[in-house]
Amino acid sequence: MGLTLPNFPITSKLWPSSRNLMYMAEVAVLTRIATGIMRVMENRPSKQKDPRLSQNEKRQALVERFFVEIIGTAGYMGFLHIGQDLVDKLYSRMITKSIPNIDFSKLTQQNREKLQQVLHDFHLGIERIETLNEHLNQMMKDVYRSPQAKLGKGRETQDMLYRVLYGDDITFTLGNGQKKTFYNAKANLATLKERFKAEFQHLPGFQGQGHKLDEAFGNIVKEVEPIKQFAMKNNTWGSLAILGGVALSAWIGGTFIQKMCDGPVASSTKKWLNNYFPKDSHGADKPAENKETAAAPKPLSLVSEAPPLVPPVQMQTQAPVPPAMAPVYLPNPKQPTATPFAANTLAFPYQAHLMPKPGVTL
């Protein structure tokens, strides 16, 4: 049973329990599509105010956003369901080609006695346990058998996980000849119980006594182990189908779509926009430059750009490096000579007498 927050039963549907997985998947599809549309609308060129971006760069951002949010969303939502179909096909091949038959002859003597006591206590209108066996086998086929098999066009277990997860319309004939249809009924124990109640609730003594039929069905399932095992196996594979679809869609949406957007989509969009809107390919701080003008040498002005008549004097920007072990005279009498560290790091003027003056040859 899933977690239920006090006074917040709807919010409790977000708790990731087995009962809420389908609800969360359905809500995620609608929410993701609406979110993607809003993000595309907010990424229009008119909404982008960065002056450093050219008009074409804004258009490219819109195209990339559309690819990720609309095409990408449709893609990974599609693979979310394709992944479930693939697991469904695999499961249909692994299980038997028909609904398993319940054989009461294989029950232990103790279980046979318990079932016989159920028939006696609840007055189900069944005297022999073999008759109950026939009823349960027919109910199992009514609930779990595929519509294609009923029409003679497929296996009984075809698309089993689809019916376990999403349900289908089931019409069956009751013991009194009446027909009853369950709409969007899932192939699980809950539907099997409703089928069981529909079969026996018309009997005298069960009018308004549905809880007795619930108790009888629970006791039968508890004693007839194959019914419970078959239902649990279907539910386990149904959960695996959902997880498989989620994993496949996450890879498509998180890795494949992003690589396609950063690679072929971005490069081809940029090339097409620059060819179709060449004048809009530069931003406000990147003015367009004529290729011919850029290649030609810039003419000189006779007034302000005439070449100087005298070569400019090269100014000395760095002091010459002094000899590594030039003597250094410091006030400290205990240090009469310079260490290599001091000789290479102290200021230059104390060594000026060692260096020739500019223009003087020693």
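Note that this is a predicted model, so its numbers are computed, not measured.

### A closer look at the packing of aromatic side chains
1) Next: Here the structure, examined in full by the defined rule, presents 10 aromatic pairs.
2) Next: Their ring planes at 10 degrees and their centres at 5.0 Å tell us that Trp 272 and Tyr 276 sit as a pair that is stacked. Of this pair, Trp 272 and Tyr 276 both sit in helix α9 (residues 225-276), four residues apart, which is roughly one turn of the helix.
3) Next: Pairing Trp 272 with Phe 277 gives two aromatic rings, centres 6.3 Å apart and planes at 85 degrees, and the pair type is edge-to-face.
4) Next: For Phe 277, a relative accessible area of 23% corresponds to the partly exposed category.
5) Next: Here the aromatic residues Phe 196, Phe 200 and Phe 217 are joined through ring pairs into a cluster of three or more.
6) Next: If you follow Arg 59 out to its NZ or CZ, it ends over the ring of Phe 277, 4.0 Å from the centre.

### Looking at the packing of helix α3 (residues 109-122) against helix α4 (residues 129-144)
1) Next: Where α3 contacts α4, the two axes come as close as 10 Å, and the packing angle between them is 85 degrees. Relative to α4, the element α3 is oriented roughly perpendicular. Contacts between α3 and α4 involve Arg 112, Leu 115, Gln 116 and Leu 119 from the former and Ile 129, Glu 130 and Leu 132 from the latter.

### Some remarks on the packing of α4 against α9
1) Next: Two numbers describe how α4 lies on α9: the axes approach to 13 Å, and their chain directions differ by 10 degrees. Taken as axis vectors, α4 and α9 run roughly parallel relative to one another. Of α9, the residues touching α4 (which contributes Leu 136, Met 140 and Tyr 144) are Ile 227, Phe 230, Ala 231 and Asn 234.
2) Next: In terms of residue class, the contact of α4 with α9 is made up of six nonpolar, one polar and no charged.

### Some thoughts on helix α8 (residues 210-223)
1) Next: The end-to-end C-alpha distance of α8 is 20 Å, a good match for the 20 Å that 14 residues give at a rise of 1.5 Å each.
2) Next: Buried within α8 are the following residues: Leu 213, Ala 216, Phe 217, Ile 220, Val 221 and Glu 223. For α8, the arc enclosing every buried residue in end-on projection is 165 degrees, short of the 170-degree limit, so these residues lie on one face.
3) Next: Buried-residue contacts for α8 involve α3, α4, α7 (189-200) and α9.

### A short note on the pairing of strand β1 (residues 168-173)
In summary, the side chains of a regular strand alternate between the two faces of the sheet.
1) Next: Sheet topology note: the β1/strand β2 (residues 179-185) ladder contains five bridges and is antiparallel. Within β2, the residue paired with Ile 170 across the bridge is Phe 182.
2) Next: Turn length for the β1-β2 hairpin, with the two strands adjacent in sequence and antiparallel, is five residues, and the turn residue Gly 177 shows positive phi of about 95 degrees.

### Remarks on a nonpolar patch on the surface
1) Next: A cluster of nonpolar side chains, contributed by Ile 33, Ile 37 and Met 41, occupies part of the molecular surface with about 250 Å² of accessible area.
2) Next: In this structure, Met 41 sits in helix α1 (residues 21-42).

### Points about the confidence of the model for the protein chain
1) Next: Looking at the protein chain as a whole, the pLDDT averages 77, with 75% of positions reaching at least 70.
2) Next: Long-range and interchain partners of residues 298-307, a stretch whose pLDDT sits below 50, account for four contacts in this model, where long-range means more than four residues apart.
3) Next: Of the regions scoring below 50 in pLDDT, residues 326-339 engages in 12 contacts with residues more than four places distant in sequence or in other chains.

### Focus on the nonpolar core
1) Next: Judged by nonpolar contacts, the single largest core of 42 residues is most densely connected at Phe 104, Tyr 144 and Phe 196.
2) Next: Among the secondary structure elements, those contributing two or more residues to this core are α2 (55-94), α3, α4, α6 (160-165), α7, α8 and α9.
3) Next: For this core, the leading source of residues is α4, giving seven residues.
4) Next: Those residues within four positions of Phe 104 in sequence are excluded, and the remaining contacts are Arg 112, Leu 115, Ile 129, Leu 132, Asn 133, Leu 136 and Val 224.

The rules behind each value
Residues numbered from 1 in each chain as written. Predicted model: local features only at pLDDT ≥ 70, side-chain atom pairs only at ≥ 80, totals over all residues. Heavy atoms only, no water. Phe/Tyr/Trp six-rings, centres within 6.5 Å; stacked < 30°, edge-to-face > 60°. Helix = DSSP H or I, 4+ residues; strand = E, 2+ residues; numbered from the N terminus. Buried < 20%, exposed > 50% of the residue type's maximum accessible area, 1.4 Å probe, protein only. Lys NZ or Arg CZ within 6 Å of the ring centre and 35° of its normal. Axes fitted to C-alpha atoms, helices over the stretch in contact; angles between N-to-C directions. Parallel < 35°, antiparallel > 145°, perpendicular 65-115°, else oblique. Contact = heavy atoms within 4.5 Å. Nonpolar A, V, L, I, M, F, W, Y, C, P; charged D, E, K, R; others polar. Expected span 1.5 Å × (residues − 1). Arc of directions from axis to C-beta. Pairing = 2+ DSSP bridges. Patch = residues over 30% accessible without salt bridge, like charges linked within 9 Å, V, L, I, M, F, W, Y side chains within 5 Å. Areas by Shrake-Rupley, 256 points an atom, 1.4 Å probe, with all protein chains shown as cover. Salt bridge = Lys/Arg side-chain N within 4 Å of Asp/Glu carboxyl O. pLDDT = per-residue confidence, 0-100. Core = buried A, V, L, I, M, F, W, Y, C linked by side-chain atoms within 4.5 Å.

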